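Notes for the structure review
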Amino acid sequence: MRILHVFPFFSIEGGGGTTWLIDQIASAQSKNGHDVSVLTTNFMFDDDNLNNSNLYNVIVQESYFNFFGIHLSPYLIKFCRNNLGNYDIIHLHLFRSIQNVIVCLYADKLKIPYLVDAHGSLPRHFKIKFLKKYLYDLLIGNYILKKSKAFIAENELSYKEYIDFGVDDDKIAIIRPPFPIKDYENLPKKGLFKSKYNLNKKHIILFFGRIHYIKGIDFLVESFNIIQKRRNDVHLVIMGGDDGYKANIQALIKNLNIQNKVLFTGYLSGDQKLSCIIDSSVVVQTSRYEQGAGAPFEAVLCHVPIIVSDNSGAGLDVKRLNAGYVVKFNDDEHLSKAIEYVLQNQDEAIDKTKAGADRIKQDLSIEKNILEYDNVYKACINE
């Protein structure tokens, strides 16, 4: 098959876990003999930290304006007119974007099937974006939903979001995001990260991901503040690039007067990232909204215990695989007690994590799950 993936941010820093997932899917599809391309923009473009981009074709379009989530790509019209007809299927990895408008209109004209993989972008939650999303849906979004041949949900939360938007049940396929299991077989030596930052005698409590309001890092900071008052052997590490919220977190940390107990590493990748994870005693994710447990499951594959909040798809994923601990969302005391429980019961927590890792390897390997995408593509094309 000739497959085109569409996503405007081909950068881990800009596109986060979705970019990482597209890289994994596209490379696996290429290895299986498909002709695969990724259509993106040059906004924050950086394929250096993507392991497999040499296996497929990356098409980068110039983007302009780049304000308020709007990225104008005028040359995309020419690309679609001249090249879109070469593809058998189009896989949209975001629901609302100007790129999708152009691609979908030409796809309809050329009778090329496309499917939507929203990755949590479907709901209109959060007031600041509600009006913009509502107008988009009114003008074009509902048309795209109607014309899409299929929808990919990452878990039951994602499935329900499609249903709530009026998508027919028989057009939705649940495909759990796959993991490159082999990438976690040869981990770096433990202790390298702790030695580098002089944290050898500390329990590292780790968050990793984009530093964004939606990630709920402020909840973690508040809970960590409770813990550090009770014990002096803990250190909070925040690993990830700033996505507009770092200054707020730094202000909170300063107000709590815990600057000397918090470390910002910036964005890390490869062995540096893995070294940080494996030297941690627990990884915590307390997002206001999270489609799935991608980042926490990376920690599980490194045999590091995880704690996630119960309000999102991440909590559902962790419960389903019994891969870690789940806490009440926005309950600082509950989270602080859960973190301390893991620190005090490391053997139990690691045993739970290892069992969860075995289930991830069994159910979510990329070699197994990649075939499910093929089946959805074929159904769209045959229809």
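Residues numbered from 1 in each chain as written. Predicted model: local features only at pLDDT ≥ 70, side-chain atom pairs only at ≥ 80, totals over all residues. Heavy atoms only, no water.

Digging into empty space enclosed by the protein
To find leftover empty space, a probe the size of one water molecule is rolled over the atoms. Counted only if it meets this: Both site types are read off a 1 Å grid over the protein atoms alone. A 1.4 Å probe that fits but cannot get out defines a cavity, while an open set with protein on both sides within 12 Å along at least five of seven lines defines a pocket; lining residues have an atom within 4 Å of a point. Grid points are joined across faces, edges and corners, and a volume is the space filled by probe spheres set on the points. Only DSSP runs of H or I covering at least 4 residues are called helices, and only runs of E covering at least 2 are called strands; the numbering of each starts at the N terminus.
Per the stated rule, a full pass over the model turns up one cavity of 30 Å³ or more. Here the largest cavity is characterised by a volume of approximately 50 Å³. As for the largest cavity, its lining consists of Phe219, Ser223, Thr286, Ser309, Val327, Lys328, Asn330, Asp331, Asp332 and Leu335. The set of elements that each furnish at least two residues to the lining of the largest cavity consists of α7 (217-230) and α12 (332-344).

Observations concerning α7
Heads up, the condition is: Expected helix span is taken as 1.5 Å per residue step, with the number of steps being one fewer than the number of residues. The buried label goes to any residue with under 20% of its type's maximum accessible area, the exposed label to any with over 50%, and the partly exposed label to all in between, with areas taken from a 1.4 Å probe on protein chains only. Between two residues, a contact is recorded if the distance between any of their heavy atoms is within 4.5 Å.
Here α7 spans 20 Å end to end across 14 residues, near enough to the 20 Å set by a 1.5 Å rise per residue. For α7, the tally of buried residues reaches 10 of 14 residues, placing the bulk of the element in the interior. Of all the positions in α7, only Ile217, Asp218, Phe219, Leu220, Val221, Ser223, Phe224, Asn225, Ile227 and Gln228 are classed as buried. Along its buried surface, α7 packs onto β10 (203-208), β11 (234-239), α8 (246-256), β12 (262-266), β13 (282-285) and α12.

Some points on the side chain of Glu154
In plain terms, the rule: In this charge count, Lys and Arg are treated as positive and Asp and Glu as negative; neither His nor the chain ends contribute. Take a side-chain nitrogen of Lys or Arg and a carboxyl oxygen of Asp or Glu: if they are within 4 Å of each other, that pair is a salt bridge.
Its place among the elements puts Glu154 in the loop between β8 (150-153) and α5 (156-164). For the buried residue Glu154, which engages in no salt bridge, the nearest side chain bearing the opposite charge is Arg176, 9.0 Å off. Those residues within four positions of Glu154 in sequence are excluded, and the remaining contacts are Leu21, Asp117, His119, Ile174, Ile175, Arg176, Pro177, Gln291 and Gly292.

Side note on the packing of aromatic side chains
Test applied: Each Phe, Tyr or Trp ring, with Trp reduced to its six-membered ring, pairs with another whose centre is within 6.5 Å; inter-plane angles below 30 degrees give stacked pairs, above 60 give edge-to-face pairs, and intermediate values give tilted ones. Whether a charge lies above a ring is judged from NZ of Lys or CZ of Arg, which has to be within 6 Å of the ring centre and within 35 degrees of the ring normal.
The tally for this structure, following the rule as stated, stands at nine aromatic pairs. Relative to Tyr56, the ring of Phe10 lies with its centre 6.4 Å away and its plane at 85 degrees, an arrangement referred to as edge-to-face. Taken together, the positions of Phe10 in the loop between β1 (2-9) and α1 (12-31) and Tyr56 in the loop between β2 (35-41) and β3 (57-61) put the pair 46 residues apart, joining distant regions of the chain. Accessibility classification places Phe10 together with Tyr56 in one group, the buried group. Taken together, the ring pairs connect Trp20, Phe179 and Phe297 into an aromatic cluster. Across the ring face of Tyr213, the terminal group of Arg288 is positioned such that the distance to the ring centre comes to 3.8 Å. Between Lys352 and the ring centre of Tyr325, over which it is positioned, the NZ or CZ distance is 5.2 Å.

Remarks on the sheet that holds strand β9 (residues 172-174)
Note the cut-off: DSSP calls a pair of strands paired once it identifies at least 2 bridges connecting them. Throughout, an axis means a line fitted to C-alpha atoms (over the contacting stretch in the case of helices), and angles, computed between N-to-C directions, take values from 0 to 180 degrees.
Pairing is parallel in the open sheet, where seven strands are placed in the order β3-β2-β1-β6-β7-β8-β9. In the strand order of this sheet, the two ends are held by β3 and β9, each with one partner. Neighbour-to-neighbour, the strand axes of this sheet turn through a mean angle of 25 degrees, independent of strand direction. Taken together, the three bridges between strand β6 (residues 89-92) and strand β7 (residues 114-116) define a ladder with parallel strand orientation. Paired with Leu92 across the strands is Val116, a residue of β7. Together, β2 and β3 form the strand contacts of helix α2 (residues 75-83), whose direction differs from that of β3 by roughly 140 degrees. The strands touched by helix α14 (residues 366-382) within the sheet are β1, β6, β7, β8 and β9, with β6 carrying the most contacts at an inclination of about 125 degrees.

Looking at the packing of α7 against α8
Threshold: Should an angle lie under 35 degrees it is considered roughly parallel, over 145 roughly antiparallel, and from 65 to 115 roughly perpendicular; all remaining angles are considered oblique. Note on convention: near helix rotated counterclockwise from far helix by under a right angle means a left-handed crossing. Clockwise means right-handed. Residue type decides the class: Asp, Glu, Lys and Arg count as charged, Ala, Val, Leu, Ile, Met, Phe, Trp, Tyr, Cys and Pro as nonpolar, and the leftover types, Gly among them, as polar.
Two numbers describe how α7 lies on α8: the axes approach to 10 Å, and their chain directions differ by 15 degrees. By the criterion of interaxial angle, the relationship of α7 to α8 is roughly parallel. In the packing of α7 onto α8, the handedness of the crossing is right-handed. The residues of α8 that touch α7, namely those facing Ile217, Asp218, Val221, Glu222 and Asn225, are Ile249, Leu252, Ile253 and Leu256. Considering only residue class, the contact of α7 with α8 consists of six nonpolar, one polar and two charged.

Section: the sheet that holds strand β15 (residues 325-327)
Strand order in the open sheet formed by six strands is β12-β11-β10-β13-β14-β15, with parallel pairing between adjacent strands. Single-partner strands in this sheet number two, and they are β12 and β15. Here the strands of the sheet are splayed against their neighbours by 25 degrees on average, with no regard to which way each runs. Pairing geometry for β10 and β13, over two bridges, is parallel. Each residue of the ladder has a partner; that of Leu206, found in β13, is Val283.

Considering the packing of α7 against α12
Contact geometry for α7 and α12: axes closest at 8 Å, N-to-C directions at 60 degrees. One way to sum up the angle between α7 and α12 is to call them oblique. Our pair here, α7 against α12, has a crossing hand that is right-handed. Contact residues: α7 offers Phe219, Leu220, Glu222, Ser223, Ile226, Ile227 and Arg230, while α12 offers Asp332, Glu333, Leu335, Ser336, Lys337, Ile339 and Glu340. Each residue belonging to the contact of α7 with α12 can be placed in one class, and the counts come to six nonpolar, two polar and six charged.

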